[in-house]
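Survey of secondary and tertiary structure
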Amino acid sequence: MTEIATLKNFYLAEAYHQKYFEKNPEQAYCQTIIRPKLKAFQREHPEG
C-alpha cells in the first residue's frame, strides 16, 4: 500500500549525485536501471 503524506524533512543530495545519469551514461547502473526506466517513461509520455 502507498501512503500519501505531508513531507516533513527534505535533504538535498550531495553534489556528486546531481545529474548522475547525464555525467555517467555508460555506467552499468545507468545502462541497466535508469535508461530502461527513462525509455519506458518517454514511451508513455511522449509530450514531455
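**Looking at the overall build of the protein**
For the protein, the helix and strand inventory stands at two helices and zero strands. The C-alpha extent of the protein, read off along each of the three principal axes, is 35 × 30 × 25 Å. In the protein, buried positions account for 2% of the 48 residues. Here the protein displays about 5100 Å² of accessible surface, and carbon together with sulfur accounts for 57% of that area. The distance from the centre of the 7 positive side-chain charges to the centre of the 6 negative ones in the protein is 3 Å.

**Description of unusual backbone geometry**
The residue K19 is not glycine, and still its phi comes out positive at about 55°. Along the chain, K19 turns up in the segment before α1 (20-23).

**Looking at the environment of L12**
Secondary-structure assignment places L12 in the segment before α1. Looking at L12, the relative accessible area reads 72%, which means it is exposed. Between the C-alpha atoms of L12 and N24, which are 12 residues apart in sequence, the distance is 20 Å.

Procedures and definitions
- Residues numbered from 1 in each chain as written.
- Predicted model: local features only at pLDDT ≥ 70, side-chain atom pairs only at ≥ 80, totals over all residues.
- Heavy atoms only, no water.
- Helix = DSSP H or I, 4+ residues; strand = E, 2+ residues; numbered from the N terminus.
- Buried < 20%, exposed > 50% of the residue type's maximum accessible area, 1.4 Å probe, protein only.
- Areas by Shrake-Rupley, 256 points an atom, 1.4 Å probe, with all protein chains shown as cover.
- Lys, Arg positive; Asp, Glu negative; His and termini not counted.
- Charge placed at Lys NZ, Arg CZ, Asp CG, Glu CD.

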